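The chain contents come next:
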Amino acid sequence: MLVFEPMNEVIYSVRMHAERAGAHLCGAERLVAAGRIEETTAALVRRALEHPRGRAEALRLAVDPIDPAAVLRGVLPEVRTFQVPNFSAGRELAARLLHQAGVSPAAGAFALQTLARGAAPDGRSMRGAMLIGALSGRRLEPDGARGVRVTRMDLSPRAEARLQAALAPYGLDRIQVREALVLAAKVMAAPGVIAELCWSDDPDYTTGYVAAPALGYVRITELKPRDDERGGRAFFVKEEQLDMAALLAFLEGQVFVADAVSAVHPPREWC
Ligand code: WAQ
Ligand code: MG
């Protein structure tokens, strides 16, 4: 049977943002065809109610049509997984990978330390990402408490099916992997970004990654101690010829749909 995915079909941005105890709890977004708005909304509400850091107490939903001509299409990066014995080894590996991607040792070490102690001024996680000068290690994001939120991205239904099939043999077919891969793909396509470092703020999710065009998406099984609620993201940027306005417009506003996937490699040990 042939399945057509019309390129010029209107898609909708469906966004959810939830709070608990007066603070940000989680947010998520999908880009879907009109016929999937209802199921997508229900799935996002369920996620907010079943969040590992506690049940959402307030939540907001937004549904907005997207102009098909505004959609940038892209490819998900290759996926590698390194198993490490503990988070110190994981951070050492992350530092090496960042260096390979063109980040200075000082900038890499600064990002790791800052995420580890909570990148927001109050020592908690930021809602968004830090922007860090890849050589200087300077923090460049306009709002150091909130950070830069990457939004308006997803993968096509066909790419999602292919990704699930490629991840399943390794037990990696889960929402955190899918969402992080899509975000990393968009960030790698952003003007001026050379690498990304991330680990989750969910206390039971210790896996994080380093992503860069030359490396792909490199998962590291331990980047923080279990039960730690501090997580975050750092996007490393080339400071020379950086167009901050263009970068922020891309990260926050450019609609990005991954419609192809790359190889998923079997996990292996790093030592
Ligand atoms: N834009 C920018 N930064 C964000 C965004 C966003 N849309 N969403 C989250 N962050 C930042 C924020 O500081 C969070 O505290 C932090 O990232 C972590 O977010 O391959 O689950 O959603 O197994 O908890 C990576 C590994 C999981 C997945 C990442 O991130 C895998 C994860 P979380
Ligand atoms: Mg989280």
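Here the structure is a predicted model, which is why all the values come from computation and not from measurement.

Caption draft 1: View of the packing of aromatic side chains. A full pass over the atoms with the stated rule returns 1 aromatic pair. Sitting over the ring of Phe-250, Lys-186 keeps its end group 5.6 Å from the ring centre.

Caption draft 2: Local environment of helix α2 (residues 87-100). Along its 14 residues, α2 runs 20 Å from first to last C-alpha, staying within 8% of the 20 Å computed at 1.5 Å per residue. Of the positions making up α2, those classed as buried are Ala-89, Gly-90, Arg-91, Leu-93, Ala-94, Leu-97 and Leu-98. Check the buried side of α2 and you find it contacts β5 (79-83), α3 (105-116), β8 (193-199), β9 (208-212), β10 (216-220) and β11 (232-237). Measuring from the backbone nitrogen of Ser-88 back to the side-chain oxygen at the start of α2 gives 3.2 Å, which picks out Asn-86 as the cap. Once α2 ends, the next one or two residues include Gly-102, with phi positive near 105 degrees.

Caption draft 3: Quick look at the pairing of β10. Across the 5 residues of β10, 5 count as buried, placing the element largely inside the fold. Examined bridge by bridge, β9 and β10 share 5 bridges and lie antiparallel to one another. If you follow Ala-212 over to β10, its bridge partner there is Gly-216. Hairpin remark: β9 followed by β10, antiparallel, with 3 residues in the connecting loop.

Caption draft 4: Representation of the domain arrangement of the protein in the model. Each domain of the protein was delimited in the assignment, giving domain 1 (7-70) and domain 2 (73-269). On a C-alpha basis, the centroid separation for the pair domain 1 and domain 2 is 21 Å. On the domain 2 side, the residues contacting the 19 residues of domain 1 number 22 residues. For the domain 1 and domain 2 pair, buried surface summed over both sides reaches about 1,700 Å², with 46% attributable to carbon and sulfur atoms. Summed over the shared surface of domain 1 and domain 2, the result is 4 salt bridges. Here Glu-179 and Arg-47 are joined by a salt bridge, their closest N and O atoms 2.6 Å apart. At the junction of domain 1 with domain 2, the criterion picks out 7 residue pairs in polar contact (both at pLDDT 80 or more). Those elements that place two or more of their residues in the side of domain 1 that touches domain 2 are β1 (11-20), β2 (23-33) and β3 (58-66). The greatest single-element share of the side of domain 1 that touches domain 2, amounting to 6 residues, is contributed by β2.

Caption draft 5: Expanded view of the coordination of the magnesium ion (ligand 2). The coordination sphere of the magnesium ion (ligand 2), as far as protein atoms go, consists of Asp-201 (OD) and Asp-202 (OD), spread over 2.2 to 2.4 Å. The class of Asp-201 is partly exposed, set by a relative accessible area of 23%. The exposure class assigned to Asp-202 is buried, which follows from its relative accessible area of 11%.

Caption draft 6: Looking closely at the site of ligand 1. Neighbouring ligand 1 are 24 residues, the closest being Met-126, Asp-201, Tyr-205, Tyr-217 and Arg-219. One of the backbone nitrogen or oxygen atoms of Gly-128 is found 3.1 Å away from an oxygen atom of ligand 1. Separating a nitrogen atom of ligand 1 from a backbone N or O atom of Val-150 is a distance of 2.8 Å. Burial of ligand 1 by the surrounding chains reaches 90%, relative to a free accessible area of 700 Å². Looking at the shell around ligand 1, the elements that each hand over two or more residues are α5 (175-188), β8, β10 and β11. Looking at the shell around ligand 1 residue by residue, the class counts come to 11 nonpolar, 7 polar and 6 charged.

Caption draft 7: Focus on the packing of α2 against α3. Their axes nearest at 9 Å, the elements α2 and α3 cross at an angle of 140 degrees. The angle between α2 and α3 places the two elements in the oblique class. When you trace α2 past α3, the crossing you get is right-handed. Residues Arg-91, Ala-94, Ala-95, Leu-98 and His-99 of α2 pack against Pro-105, Gly-108, Leu-112 and Ala-116 of α3. Residues that form the contact of α2 with α3 fall into these classes: 6 nonpolar, 2 polar and 1 charged.

Analysis parameters
Residues numbered from 1 in each chain as written. Chains lettered and ligands numbered in written order. Predicted model: local features only at pLDDT ≥ 70, side-chain atom pairs only at ≥ 80, totals over all residues. Heavy atoms only, no water. Phe/Tyr/Trp six-rings, centres within 6.5 Å; stacked < 30°, edge-to-face > 60°. Lys NZ or Arg CZ within 6 Å of the ring centre and 35° of its normal. Helix = DSSP H or I, 4+ residues; strand = E, 2+ residues; numbered from the N terminus. Expected span 1.5 Å × (residues − 1). Buried < 20%, exposed > 50% of the residue type's maximum accessible area, 1.4 Å probe, protein only. Contact = heavy atoms within 4.5 Å. Polar contact = N/O pair within 3.5 Å; in protein donor to acceptor, adjacent residues only side chain to side chain. Pairing = 2+ DSSP bridges. Domains from an automatic or database assignment. Buried area = accessible area lost by both parts, 1.4 Å probe. Salt bridge = Lys/Arg side-chain N within 4 Å of Asp/Glu carboxyl O. Donors = N, O, S within 2.8 Å, 3.2 Å for Na, K, Ca; no water. Near = heavy atom within 4 Å. Areas by Shrake-Rupley, 256 points an atom, 1.4 Å probe, with all protein chains shown as cover. Nonpolar A, V, L, I, M, F, W, Y, C, P; charged D, E, K, R; others polar. Axes fitted to C-alpha atoms, helices over the stretch in contact; angles between N-to-C directions. Parallel < 35°, antiparallel > 145°, perpendicular 65-115°, else oblique. Left-handed = near helix turned anticlockwise from the far one by under 90°.

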